Amino acid sequence: MGESLQGQVAVVTGASGGLGAHFARLLAREGAAVALAARRLDKVEGLARELSDQGQRAMALRLDVADAATIGPALDDVEAALGPISILVNNAGVGGEGLALDVPLETFDETFAVNVRGTFIGAREAARRMLASGVAERGDGRILNIASIASETVLPGLSLYCGSKAAVAMMTRGMAREWARRGIAVNALAPGYIDTGINTHWWPTEGGQKQLKGFPRRRLMQESDLDAAFLMLVGPAASAITGSLIVVDDGQSLPGGG
Ligand SMILES: NC(=O)c1ccc[n+]([C@@H]2O[C@H](COP(=O)([O-])OP(=O)(O)OC[C@H]3O[C@@H](n4cnc5c(N)ncnc54)[C@H](OP(=O)(O)O)[C@@H]3O)[C@@H](O)[C@H]2O)c1
């Protein structure tokens, strides 16, 4: 176990599986106390037990980030149980799949409610608490928004998802600018494709296989490929990094075939 995040209190949204569960394990491994938030309470409770059994401080909470009014009170519960929040990982996200001609508007609303509105409200509720608790004054505030290569690249059949992740990238820069002198670093991590619940149905299809063969390295990424950039952005190394979008994509968004 590392010690780079000893004494920090982190919240991860969408920690019930995929990248969020991975990030939560990583934060705990580096010594942070971790609050795991998602709609599927049984999943986050299971992971919180796993971390507690390893001697790490962890708690689980049910949170739907589309339900704006519940985000602030959830963060209050975290602070009451674990102490002042210093790291928020805005990871909860949905795929918003569908061709623009056909996709139902309900999908538009859900995609933007979770990926954009949920991220915005999570960030400002966390920042308010960092400013009130003294965490920001110490320069320890870290907000990491999980964007995507979709923030900057057109992905097939994903115009809503791309639009939502582009919004996440620009909101990140706006919030970083507003809080630049207030001790809170706001950054975005933009991963390439990793096989998780959000896309696992796609890879065995003909379209999925074709897309994969078009990647420069002809492969998907592994969750652990994100670890170095993730830890840089949530830890002390980010004291002079704010408003950055760090792309970690195994070259997937590089143009051209071959
Ligand atoms: N996998 C990739 O290739 C990839 C690449 C770039 C970026 N990303 C981004 O990485 C993040 C994590 O995705 P993933 O790949 O790990 O997919 P995933 O396995 O489908 O996980 C998505 C997580 O978001 C949570 N979530 C969805 N709606 C929510 C809501 N309304 N409130 C709270 N939590 C919600 C889900 O938990 P519950 O269902 O329990 O609520 C789940 O834990 C997303 O923002 C995604 O856009 C993924």
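Right above here is the structure, for reference.
## Here's the deal with the overall build of the protein
Within the protein, the regular secondary structure consists of 7 helices and 7 strands. What you see in the protein, going N to C, is helices and strands ordered as β-α-β-α-β-α-β-α-β-α-β-α-α-β. What you see for the protein is a C-alpha radius of gyration of 18 Å, in line with the 18 Å of a compact globule of 258 residues. Its C-alpha atoms give the protein principal-axis dimensions of roughly 50 × 35 × 35 Å. Taking the intrachain contacts of the protein between residues at least 6 apart in sequence as the baseline, contacts between residues at least 24 apart amount to 71%.

## Description of unusual backbone geometry
Its identity as a non-glycine residue notwithstanding, R218 has a phi of 55°, on the positive side. Summarising the element assignment, R218 is placed in the loop between α6 (206-214) and α7 (227-234). Among the residues examined, R218 registers 8 C-beta atoms within 10 Å and is labelled exposed. Of note in the backbone geometry, D250 takes a positive phi value of approximately 60° without being a glycine.

## Details of the site of the ligand
Around the ligand, 29 residues are found, and the nearest of them are G14, G18, R39, G93 and G197. Looking at the shell around the ligand, the element that brings in the most residues is helix α1 (residues 18-29), giving 3 residues.

## Description of the sheet that holds strand β3 (residues 58-62)
Strand order in the open sheet made by the 7 strands is β3-β2-β1-β4-β5-β6-β7, with parallel pairing throughout. Single-partner strands in this sheet number two, and they are β3 and β7 (245-248). Neighbour-to-neighbour, the strand axes of this sheet turn through a mean angle of 20°, independent of strand direction. Two strands pair when backbone bridges link them, and strand β5 (residues 141-146) and strand β6 (residues 184-191) are joined in this way by 6 bridges, in the parallel orientation. Looking across to β6, one finds that N145 is bridged to A188.

## Notes on α7
Among the residues making up α7, those that are buried are F230, L231, L233 and V234. One side of α7 carries all its buried residues, which in axial view fall inside an arc of 165°. Close packing links the buried residues of α7 with α1, β4 (87-90), β5, β6 and β7.

## Remarks on the nonpolar core
Counting 75 residues, the largest nonpolar core has V11, V12, L27, V34, L36 and A37 as the members making the most contacts within it. Residue contacts for V12: discarding those within four places in its chain leaves G20, F23, A24, L27, V34, L36, A37, V89 and N91.

## Remarks on the packing of helix α4 (residues 105-133) against helix α5 (residues 159-178)
Axis separation between α4 and α5 bottoms out at 10 Å; the angle between their running directions is 15°. Considering their axes alone, α4 and α5 lie roughly parallel with respect to each other. Where α4 crosses over α5, the two elements pack in a sense that is right-handed. Contacts from T107, F108, T111, F112, N115, V116, T119, F120 and A123 of α4 reach α5 at L160, Y161, S164, K165, A167, V168, M171 and M175. Grouping the constituent residues of the contact of α4 with α5 by class yields 11 nonpolar, 5 polar and 1 charged.

## Some thoughts on α5
The end-to-end C-alpha separation of α5 is 29 Å, in line with the 28 Å expected for 20 residues at 1.5 Å each. Residues of α5 that are buried include every one of L160, Y161, S164, K165, V168, T172, M175 and A176, and no others. Buried residues of α5, viewed axially, fall in a sector of 140°; they line one side. Facing away from the buried surface of α5 by more than 90 degrees, the exposed residues are G174 and R177. Among the structural elements, α4, β5, β6 and β7 are those in contact with the buried residues of α5.

## A closer look at the pairing of β3
Looking at chain direction, strand β2 (residues 33-38) and β3 are connected through 5 bridges and run parallel. By the bridge assignment, V34 is partnered in β3 with A58. Remark: the β2/helix α2 (residues 41-53)/β3 crossover connection has right-handed handedness.

Scoring rules and cut-offs
Residues numbered from 1 in each chain as written. Predicted model: local features only at pLDDT ≥ 70, side-chain atom pairs only at ≥ 80, totals over all residues. Helix = DSSP H or I, 4+ residues; strand = E, 2+ residues; numbered from the N terminus. Rg over C-alpha atoms; globule rule 2.2 N^0.38 Å. Contact = placed C-beta atoms within 7 Å. Buried ≥ 20, exposed ≤ 12 C-beta atoms within 10 Å, placed from the backbone. Near = placed C-beta within 6 Å. Pairing = 2+ DSSP bridges. Axes fitted to C-alpha atoms, helices over the stretch in contact; angles between N-to-C directions. Arc of directions from axis to C-beta. Core = buried A, V, L, I, M, F, W, Y, C linked by C-beta atoms within 7 Å. Parallel < 35°, antiparallel > 145°, perpendicular 65-115°, else oblique. Left-handed = near helix turned anticlockwise from the far one by under 90°. Nonpolar A, V, L, I, M, F, W, Y, C, P; charged D, E, K, R; others polar. Expected span 1.5 Å × (residues − 1). Right-handed = clockwise from strand over helix to strand, strands pointing away.

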